[in-house]
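# What the coordinates show
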Amino acid sequence: MNHQRLSARPTKRPPPASSRFQGSSSRTKKVNMVSKEVDEQPCREEMSPQLDLTLAVKELHALSSKDLGELIRDAENGIVKYVKQDGSSLEINVEILARHLVKYIMEHLAPSKVNEEHFKHMLSGLRLLHTLCDIACHHSTLARVLVEDTSVQDEILNSIFRIIDFLSQSGEKVSGSSRMVLLYSALLSSSMYLLKALISSEWQDITNVLLAHSKVDEFTTTAFTALCVVINSLQAKLPDQHIDSRMKPNANDVYCLYHLCESSLQFLQSACKQMVFRERLVKNKDLCGEGVVLQLVQSTLKLSQCEDRYLTNVVYWLKSKALSIMLLLCEAESTSFLEMASGTTQRKELVKTTIFEVLQVLKMMFSGDLKDHPRGHLQLNAMRVAEIFSGDSRFRTYIILHFTEVLTRVFLQPQFLSTWCSNEHEPVEEENVMDFDSISAAGQVLCLISKSHVQHSTWNNSQGSPTPYAYQRTSLLVKILADLCEEENARFVSHFLECLQTEASKLPGGATERTAAASRNLFYLLNHAESLTPAYLNAQDVLVLRRFISQLEQLLAAQESDIHRAKEVHNSARCTSPTHQSPSPNVDDRSGNDDDSVPDQNSPEDLLDEDYDPSPSTSQLTHRKHRRRSVSRSKDTVVVPKKRFKFKVGQHVILTDDKGEEVAKGTIHLVRGVWSEKDLEESSSCVVDVEELMVPANKQPPHPTDAGTTFSEARPAPCEIKMLWKSSQLVLIQQQLP
């Protein structure tokens, strides 16, 4: 039912929703009332001989709410006089029609009656019943039956449950006929939205009534199952078909089918947004434990794309809503949806195939310019699902094996900086919400509305997250990387490097250059991520990202051959010495490292692109986002190298521990030779002059010092601590003067 019309109704309308079902009795009485089974309902045989329900439905179901309301308003003694097209008249008792219409609809519920004729009768009856509920508050006769008589309300509610159950069992019988699929889809959406007409436009009221019903679990399972039939029919009907309304006579039917499918999916999504309702759903073993939800999500994600732009948008919205339902169920606190869904080996495999489809969506969306994709929450929802499974130990390895390749492609994008490190405050990402009119949709299917023009859905933009879209996307990327590094660090880093080099070799420009560009993009991401803490990102996730980048750089450096390193040093514009002096293997001072001297502070290789505004790494992580580049004073800035580098004597660095926590700041003292019985190059270590401690002085250093077992014991005088430190745990900074 159109929500705007509901809002516009007079204030004299009877109490809505659960209060109508409650009446003046207590909640206990309400629960007992709505829990009655259909077979317990009294059978009303007192039919008026003057009323032919079949004829009444045939004549009245085509009327709009306005026209039917005028007929009832002009009725005498509750008798409507309707003039048919042939000029003959028909008298209909309004109260008897309202009281017995449900019985007429239920007469068509039988396995032997799954055909077009009976489906049309059912849909006609539902459309008329929905119209009567829609106008009931304006007419005392209808209000007495549909609003005040709780037994009739019970009967209608139970009939909705039975219709949806009937549809869930009839799916195999409708897939062969396009017309039957349309009628099936219309019956499903009409049944669902009849709840809004019967109860309230408020989802909290609707879900409260559903939860009070004894068969709520059966209702949710059959509703998801029936909707899955519709989704599969879409996939079977349009695997590769391109829609052109000027050439295809059934184009309107296709639009209508998508329209109906989305309305039903949105109904379930809206219900799941109610916390109490989704808490009940995750405990439903048939729904979550047997994979009904996952099958719906999986089928929706498999929907093919169309050239038609409207249908392309609808497909994106369908996928986004399906993922939203899955995310909402994952938020349940009383029972873990993932534990319920993966309780057995067979169920776990279903989860993995669903994850695979989610990753396929991300693969598609990461492959090009993301701004060209239709708006909606599809990309964000898919990334949220991937982040949830990345953080689950049961599926982390699967994510690493099947998603790492896609992640590396992200960092190989030429437009990475503008796409993933954007500081633009784009409009708030909003969710498209269909304002569904069940009466009009049923009329369209029944060919009551001209097929020359299909009136598509109207949309309301619900309030989205206040976080800018670009920030949400970047935060999710960082969280996924952090989750994959947290416990599967070595596996992920090595697999990431392998995939990175494989993908880089497929691109023009050379694998080495492409890999270096990806490495540079990782540093860009780190800088941007630091600017998003703590407002949009957890500081721990950024620390894990930093450690990942350091370890990746270490692996990349280890793979470079001696020839390549010599060529790199020879061609480096930063080399300040025209000749290379090889130091003694045991040299313990700076004099023998001319090629590792302090780099030119103004070299473009050590500066960020001017249009990029990184955040610093010179203080505690929680304060980084508050500091910005300034030409009026000196500050430290994390350097993003144009290519992979090895540290040089004189460079300023931050020392971090195994967890990525900042320990101290200092200056590179030695990068070659042997120190404390360690070959610096073989151990990928440097000797650092520690100048500023960021931990208690009595803390034990994680690496050897030149004296003492604590920082205080190793510090006879300021700036005299020399300490061995792993290169992977050093972060290069540069003093930038005004």
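Coordinates for the structure precede this section.
In this report, the structure presented in the accompanying data block is examined. (Residues numbered from 1 in each chain as written. Predicted model: local features only at pLDDT ≥ 70, side-chain atom pairs only at ≥ 80, totals over all residues. Heavy atoms only, no water.)

## Examining the overall build of the protein chain
Under the convention used in this document: Runs of E in the DSSP output that reach at least two residues are strands. Runs of H or I that reach at least four are helices, and both are numbered from the N terminus. Any residue under 20% of the maximum accessible area for its type is buried, any over 50% is exposed, and the rest in between are partly exposed; the area is computed with a 1.4 Å probe on protein chains only. Only heavy atoms matter for contacts: two residues are in contact if any of them lie within 4.5 Å across the pair. Every accessible area reported is derived by Shrake-Rupley at a probe size of 1.4 Å, with residue values counting cover from the shown protein chains alone.
In terms of helices and strands, the protein chain carries 28 helices and 12 strands. Taking all 738 residues of the protein chain together, 57% fall into the buried category. When contacts within the protein chain are restricted to residue pairs at least 6 apart in sequence, long-range pairs at least 24 apart make up 75% of them. Carbon and sulfur atoms provide 48% of the accessible area of the protein chain, an area that totals close to 31,600 Å².

## Structural notes on the pairing of strand β6 (residues 652-656)
Rules: Think of it this way: DSSP has to see at least two bridges between two strands before they count as a pair.
Taken across its 5 residues, β6 has 4 buried, putting it largely inside the fold. Here β6 pairs with strand β7 (residues 662-670) via 5 bridges, running antiparallel. Along β7, the bridge assignment pairs H652 with T667. Here β6 folds back onto β7 in antiparallel fashion, the turn holding 5 residues, of which G660 has a positive phi close to 85°.

## As for the side chain of T404
Mapped onto the secondary structure, T404 falls in helix α21 (residues 396-411). Accessibility expressed as a relative area gives 0% for T404, which makes it buried.

## Examining the environment of N538
For the record, the criterion: Pairs of N or O atoms within 3.5 Å make up the polar contacts considered here, provided that, within protein, one atom can donate a hydrogen while the other can accept it, and that residues adjacent in sequence are counted only when both atoms are side-chain atoms.
Looking at the element boundaries, N538 is found in the loop between α26 (511-531) and α27 (539-559). Given a relative accessible area of 45%, N538 falls into the partly exposed group. Sequence separation between N538 and S475 is 63 residues; the distance between their C-alpha atoms is 9.0 Å. A distance of 2.7 Å separates a polar side-chain atom of N538 from the backbone nitrogen of Q540.

## Details of the packing of helix α7 (residues 116-135) against helix α23 (residues 438-445)
Quick note on the threshold: In this description, a line fitted to the C-alpha atoms serves as the axis of each element, helices being fitted only across the stretch in contact, and the angle between N-to-C directions of two axes falls anywhere from 0 to 180 degrees. Throughout this description, any angle smaller than 35 degrees is read as roughly parallel, any larger than 145 degrees as roughly antiparallel, any in the 65 to 115 degree range as roughly perpendicular, and the remainder as oblique. By convention the crossing between two helices is left-handed if the near helix lies anticlockwise of the far one by an angle smaller than a right angle, and right-handed if it lies clockwise. In this count, Pro and Cys sit with the nonpolar residues alongside Ala, Val, Leu, Ile, Met, Phe, Trp and Tyr, while Asp, Glu, Lys and Arg are called charged and the others, Gly among them, polar.
One way to put it is that α7 packs onto α23 with a least axis distance of 10 Å and a crossing angle of 155°. If you check the angle between α7 and α23, you find them roughly antiparallel. With respect to the hand of their crossing, α7 and α23 are arranged in left-handed fashion. Of the residues in α23, those in contact with L123, R127, H130, T131 and D134 of α7 are S438, I439, A442, G443 and V445. When grouped by side-chain class, the residues that make up the contact of α7 with α23 number 4 nonpolar, 4 polar and 2 charged.

## Digging into the packing of aromatic side chains
How we decide: Two rings from Phe, Tyr or Trp (for Trp, the six-membered ring) form a pair when their centres are within 6.5 Å of each other. A pair whose planes differ by under 30 degrees is stacked, one over 60 is edge-to-face, and the rest are tilted. Two thresholds decide whether a charge sits over a ring: the Lys NZ or Arg CZ must be within 6 Å of the ring centre and within 35 degrees of the ring normal.
Per the counting criterion, the structure on display carries 14 aromatic pairs. Through successive ring pairs, a cluster of aromatic residues spans F411, F416, F492, F496 and F548. In this structure, K348 is placed above the aromatic ring of F395, and the distance from its NZ or CZ to the ring centre is 5.8 Å. Seen from the ring of W420, R473 lies directly overhead, with NZ or CZ sitting 5.4 Å from the centre.

## Quick notes on the nonpolar core
Short version of the rule: Each nonpolar core is a collection of buried residues, namely Ala, Val, Leu, Ile, Met, Phe, Trp, Tyr and Cys, held together in the definition by side-chain atoms within 4.5 Å.
The biggest cluster of nonpolar side chains holds 189 residues, and the ones touching the most others in it are F119, L146, F337, F411 and F548. With residues up to four places along the chain from it excluded, the contact list for F337 reads V282, C288, V293, L294, M326, L329 and C330. F647, V653, M723 and L730 belong to the second largest nonpolar core, which has 17 residues in total.

## Some points on the packing of helix α16 (residues 292-301) against helix α19 (residues 345-366)
At their nearest, the axes of α16 and α19 sit 9 Å apart, and the two run at 30° to each other. In terms of their interaxial angle, α16 and α19 are classed as roughly parallel. With respect to the hand of their crossing, α16 and α19 are arranged in left-handed fashion. Judged by residue contacts, L294, Q295, V297, Q298 and L301 of α16 engage L350, V351, T353, T354, E357, V358 and V361 from α19. Among the residues forming the contact of α16 with α19, the class breakdown is 7 nonpolar, 4 polar and 1 charged.

## Considerations on the environment of H213
Looking at the secondary structure, you find H213 in the loop between α11 (203-211) and α12 (216-237). Judged by its relative accessible area of 3%, H213 falls in the buried class. In this structure the C-alpha to C-alpha distance between H213 and N158, which are 55 residues apart in sequence, comes to 9.2 Å.

## Quick word on the environment of C421
Relative to the assigned elements, C421 resides in the loop between α22 (416-420) and β3 (431-434). Spatially, the C-alpha atom of C421 lies 9.4 Å from that of L526, the residues being 105 residues apart in sequence.

## Observations concerning helix α13 (residues 251-272)
Residues spaced three or four apart along an α-helix point in a common direction, a consequence of the helix completing one turn every 3.6 residues. This is how it is decided: An expected span of 1.5 Å times one less than the residue number is assigned to each helix.
Spanning 22 residues, α13 covers 32 Å between terminal C-alpha atoms, matching the ideal 32 Å at 1.5 Å per step. Among the 22 residues in α13, 22 count as buried, and that is most of the element.

## A short note on helix α10 (residues 178-198)
With 21 residues, α10 extends 30 Å between its outermost C-alpha atoms, agreeing within 8% with the 30 Å of an ideal straight helix rising 1.5 Å per residue. With respect to burial, α10 is a largely interior element, 20 of its 21 residues being buried.

## Observations regarding the pattern of salt bridges
This is how it is decided: Every case where a carboxyl oxygen of Asp or Glu lies within 4 Å of a side-chain nitrogen of Lys or Arg is listed as a salt bridge.
Tallied over the entire structure, the rule returns 19 salt bridges. R546 is the partner of E530 in a salt bridge, and the nearest nitrogen-oxygen pair spans 3.2 Å. With E530 in helix α26 and R546 in helix α27, this residue pair connects regions lying 16 residues apart in the sequence. Of the residues examined, E530 reaches a relative accessible area of 1% and is grouped as buried. Taking relative accessible area as the criterion, R546 reaches 2% and is therefore assigned buried. A salt bridge links E692 to K665, with the nearest nitrogen and oxygen atoms 3.8 Å apart. Residue E692 is found in strand β10 (residues 685-693), and its partner K665 is found in strand β7; the two are separated by 27 residues along the sequence. Residue E692 is classed as partly exposed on the basis of its relative accessible area of 38%. On the accessibility criterion, K665 (13% relative accessible area) is buried.

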